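Examining the three-dimensional arrangement
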Amino acid sequence: MREISYRQALNEALNEELVRDQTVFIAGEDVAIYGGAYGVTADLWKKYGDERVKDTPISESAIVGVGLGAALTGMRPVVEIMYIDFIPLALEQINNQAAKIRYMFGGKCTVPLTIRTEGGAGRTLGAHHSQSLESWLIHIPGLKVVMPATPYDAKGLLKSSIRDNNPVVFIEHKMLYNSKGPVPEEEYLIPIGQADIKRQGRDVTVITYSRMVLFSLQAAATLEKEGVSVEVVDLRTLLPMDIDTIVASVRKTHRVLIVEEDCKTGGTGAEIGMLIMEHAFDELDAPVKRLAGADVPMPKSPVLEKLAIPDPERICQAIREVLQ
Amino acid sequence: MAVDKQLALKLLKQMMEIRQFEDKIMELLARNIAEGGSHLYAGMEAVAVGAISVLRPDDYITSTHRGHGHAIAKDGDLKALMAEILGKKTGVCKGKGGSLHLADVSKGNLGANGVVGGSIGMATGAALSVKMRKTNQVVVCFFGDGATNQGIFYESLNIAALWKLPVVYVCENNFYGMSVSVKRASAVEDLSRKALAFDMPAETVNGMDVLAVREAVGRRVEEARNQFQPSLVVANTYRYYGHSRSDPRVYRTREEEKFWKERDPIPNFASRMIEQGVLIEQEVTELEEQVRQSIEEATRYAIDSPWPEPEELYTDLYA
Ligand SMILES: Cc1ncc(C[n+]2csc(CCOP(=O)(O)OP(=O)(O)O)c2C)c(N)n1
Ligand SMILES: [Mg+2]
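Residues numbered from 1 in each chain as written. Chains lettered and ligands numbered in written order. Predicted model: local features only at pLDDT ≥ 70, side-chain atom pairs only at ≥ 80, totals over all residues. Heavy atoms only, no water.

1. Structural notes on the site of ligand 1
- Taken together, the neighbourhood of ligand 1 is formed by 21 residues, with Glu60 of chain A together with His65, Arg66, Gly114 and Gly146 of chain B sitting nearest.
- The residues that come close to ligand 1 belong to more than one chain, namely chains A and B.
- Ala147 of chain B places a polar main-chain atom, nitrogen or oxygen, 3.2 Å from an oxygen atom of ligand 1.
- Expressed as a share of its isolated accessible area of 580 Å², the protein-covered part of ligand 1 is 99%.
- In this structure, ligand 1 is accommodated by the largest pocket.
- In terms of residue class, the shell around ligand 1 is built from eight nonpolar, nine polar and four charged. (Near = heavy atom within 4 Å. Polar contact = N/O pair within 3.5 Å; in protein donor to acceptor, adjacent residues only side chain to side chain. Areas by Shrake-Rupley, 256 points an atom, 1.4 Å probe, with all protein chains shown as cover. 1 Å grid on protein atoms, 1.4 Å probe; cavity = no way out; pocket = protein on both sides within 12 Å on 5 of 7 lines; lining within 4 Å. Sits in = over half its atoms within 2 Å of the grid points. Nonpolar A, V, L, I, M, F, W, Y, C, P; charged D, E, K, R; others polar.)

2. Focus: the coordination of the magnesium ion (ligand 2)
Residue and element names in this part refer to chain B.
- For the magnesium ion (ligand 2), the protein coordination sphere consists of Asp145 (OD), Asn174 (OD1) and Tyr176 (O), at 2.0 to 2.2 Å.
- As a motif over one chain, the donors of the magnesium ion (ligand 2) read D-x28-N-x1-Y. Residue Asp145 is found in the loop between strand E2 (139-144) and helix H6 (151-163), and its partner Asn174 is found in the loop between strand E3 (167-173) and strand E4 (176-177); the two are separated by 29 residues along the sequence. One exposure class covers both Asp145 and Asn174, and it is buried. (Donors = N, O, S within 2.8 Å, 3.2 Å for Na, K, Ca; no water. Helix = DSSP H or I, 4+ residues; strand = E, 2+ residues; numbered from the N terminus. Buried < 20%, exposed > 50% of the residue type's maximum accessible area, 1.4 Å probe, protein only.)

3. Some thoughts on the pairing of strand E7 (residues 231-236) of chain B
Residue and element names in this part refer to chain B.
- Here E7 lies mainly inside the structure; five of its six residues are buried.
- Summarising the sheet, strand E6 (residues 202-206) and E7 pair through five bridges and their orientation is parallel. Among the inter-strand pairings, Val205 is bridged to a residue of E7, identified as Ala235.
- A crossover connection joins E6 to the parallel E7 through helix H8 (residues 210-227); in handedness this β-α-β unit is right-handed. (Pairing = 2+ DSSP bridges. Right-handed = clockwise from strand over helix to strand, strands pointing away.)

4. Section: the domain arrangement of chain A
All names here are of chain A.
- For chain A, the assigned domains are domain 1 (3-182) and domain 2 (196-323).
- Domain 1 and domain 2 are separated by 26 Å when their C-alpha centres are compared.
- With 28 residues of domain 1 in contact, the opposing surface of domain 2 contributes 25 residues.
- Taken together, the two surfaces of domain 1 and domain 2 that pack against each other cover about 2,100 Å², and 60% of this comes from carbon and sulfur.
- Three residues stand out in domain 1 for area buried against domain 2, namely Thr124, Ile138 and Met147, and they jointly supply 26% of the buried area on that side.
- Applying the counting criterion to the domain 1 and domain 2 interface returns two salt bridges.
- With a closest N to O distance of 2.6 Å, Lys198 and Asp153 form a salt bridge.
- Taken together, the links from domain 1 to domain 2 amount to 13 residue pairs in polar contact (both at pLDDT 80 or more).
- Of all the elements in the fold, those that place two or more residues in the side of domain 1 that touches domain 2 are helix H6 (134-137), strand E6 (144-146) and helix H7 (151-163). (Domains from an automatic or database assignment. Contact = heavy atoms within 4.5 Å. Buried area = accessible area lost by both parts, 1.4 Å probe. Salt bridge = Lys/Arg side-chain N within 4 Å of Asp/Glu carboxyl O.)

5. Structural notes on the environment of Gly28 of chain A
Residue and element names in this part refer to chain A.
- Of note, Gly28 is situated in strand E2 (residues 24-28).
- Owing to a relative accessible area of 0%, Gly28 belongs among the buried residues under this scheme.
- Sequence separation between Gly28 and Pro57 is 29 residues, and the spatial gap between their C-alpha atoms is 7.9 Å.
- Excluding anything up to four places from it in sequence, Gly28 contacts Lys54, Asp55, Thr56 and Glu80.

6. A look at the sheet that holds E3 of chain B
Residues and elements named next belong to chain B.
- Reading across from one edge, E1-E2-E3-E7-E6 is the order of the five strands in this open sheet, with parallel pairing throughout. Both outer strands of the open sheet, strand E1 (60-62) and E6, are each paired with one neighbouring strand and no more. Each strand of the sheet is rotated relative to its neighbour by a mean of 20°, with strand direction disregarded.
- With three bridges joining them, E1 and E2 adopt parallel strand pairing. (Axes fitted to C-alpha atoms, helices over the stretch in contact; angles between N-to-C directions.)

7. Quick word on the environment of Asp77 of chain B
Residues and elements named next belong to chain B.
- Residue position: Asp77 is located in the loop between helix H3 (68-73) and helix H4 (78-86).
- Among the residues examined, Asp77 registers a relative accessible area of 38% and is labelled partly exposed.
- In sequence terms Asp77 and Lys107 are 30 residues apart; their C-alpha atoms lie 10 Å from each other.
- A polar atom in the side chain of Asp77 sits 3.0 Å from the backbone nitrogen of Ala80.

8. Quick notes on the interface of chain B and chain A
- Opposite the 39 residues of chain B that make contact, chain A presents 36 residues.
- Summing the contributions of chain B and of chain A, the shared interface buries around 2,900 Å²; its carbon and sulfur component is 65%.
- Three residues stand out in chain B for area buried against chain A, namely Met178, Arg184 and Leu313 of chain B, and they jointly supply 23% of the buried area on that side.
- Summed over the shared surface of chain B and chain A, the number is two salt bridges.
- With a shortest N-O distance of 3.2 Å, Asp55 of chain A and Arg184 of chain B are connected by a salt bridge.
- Where chain B touches chain A, the interface holds 11 residue pairs in polar contact (both at pLDDT 80 or more).

Spelled out as structure tokens, the structure:
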């Protein structure tokens, strides 16, 4: 199978949905002429023009608000918030309006809105361009939250997100755009809400998502040489969370490490851990362990940034602790 | 406006420092000595230098994602600024902030900001504090043309006008927010008109002319200081480099870049001062050399400085 980058996989998904459905359009800062801060919308403006690929002013709140209004009335917008760090500027529109409106109106409307954004550390951009705020978003009923780790998942999930009749926040990772992986030429979709076992194992389950999937796979490969068999569960969607896949893996290995890049306190891992307590406590041979980002704003300094998020070495260490 | 030798040298020196500092950062980025990104102020020097030159040392500024120029003009220490951009322990923020968060509160610089429009509210609040504490200080709030499309811009100008706060909003109009031109992003191209809604005085000034900026902002700062009159000054200027290192600048023409570079604030000011007999050629070349040495020194200092210790990850979070 051909290999393409995460960036190109996303670009193909957007292009295909623009072709398929005339109600799809793209709007966001620098998405048109520039092709997106990370190049995801490259060349789409040349093909579709201002009508369907719109540069917006720097107005995050209105970008989501306008997307919501268009979604409510017959369009299927894909809006971009350049960094997840700027999602807070639009959080009122996401949380109070987009996520709740269908329920508040007794199910009498739909919001087919996709909000693409990217997050994560790794480029030493400091506290306003490196955050992982997904746990804020999974606290919002009515929203779906998707975080793909591979080009294959990115493409299939973005297409599903665009076709979904609910507001979806689609969170990319800035350190994954250049990563490559197999993506078929022919069309496919990946359903929202399904985790994927990225590596089968017997001794311990690592539950993770986004860039940390890659780090966890590296750790698993290292530990294999020590005779440890690690299963890596890639959640892919954080809301709704695929509890069945999580429980099945816990039944198999009886030990769990959660690896997440976001701050530990009140983070996504807390939710995963508690779901395991509720659904699979009796299966556990050891306490569930979390390896997460430090509870601090992301420091600029490259040496501190590396310490602030998990890395393959510390994942190995944490797995060894779970096995003890 | 009459300019004496001392003032001319000061303005010229600061503009040269900013230009050479930014050229050096570009070089360090290309050599991967500086990591991450940096938004460079080259081309826009006259705005920060002209506006800040009318302030008292205890006056406040708020800065932007393009903040090196403001930090230098507000009496920033070149070594500590350079070290901060590299993420070193000796940086002005101990290497925790970086280019996007350069700040020196002890000098009245309330900081650069990674969020476009992110400091407009706090500038307004600092002006409220000044008024409540009766200290007679003034706040100059810098932001770009792109930031005038953020809600907080309108919310803040309304509060400042309503409460009569001593703040001068200085919009650095370089005609683009990243790749999007003012034409494509703003329903009004004359950005000074955005103050009309609040009955706030506003004017547009040539941001490539340090004395023009100094004159306009100087007047507005006095109104703010003496009459609690907030205002908006739009300085038309140009950013020479791309928005970031990888920016191919497809959204603007090389002719347009040439047009603005012919209006370069530094040589134009220098030759004007020479023409008027305020400075002689030799003073200008000597100054340039002196600045070159201080930038080299700052660079060496920053590169040779140690990284922060691992324990620093958890310090400074709470007071
Ligand atoms: C809230 C927010 N949205 C988007 C960005 C990404 N971004 C950084 S600088 C920039 C352009 C800002 O334009 P302008 O205000 O005109 O300042 P300039 O860069 O031209 O100095 C953008 C879109 C950001 N940092 N913050
Ligand atoms: Mg601008």
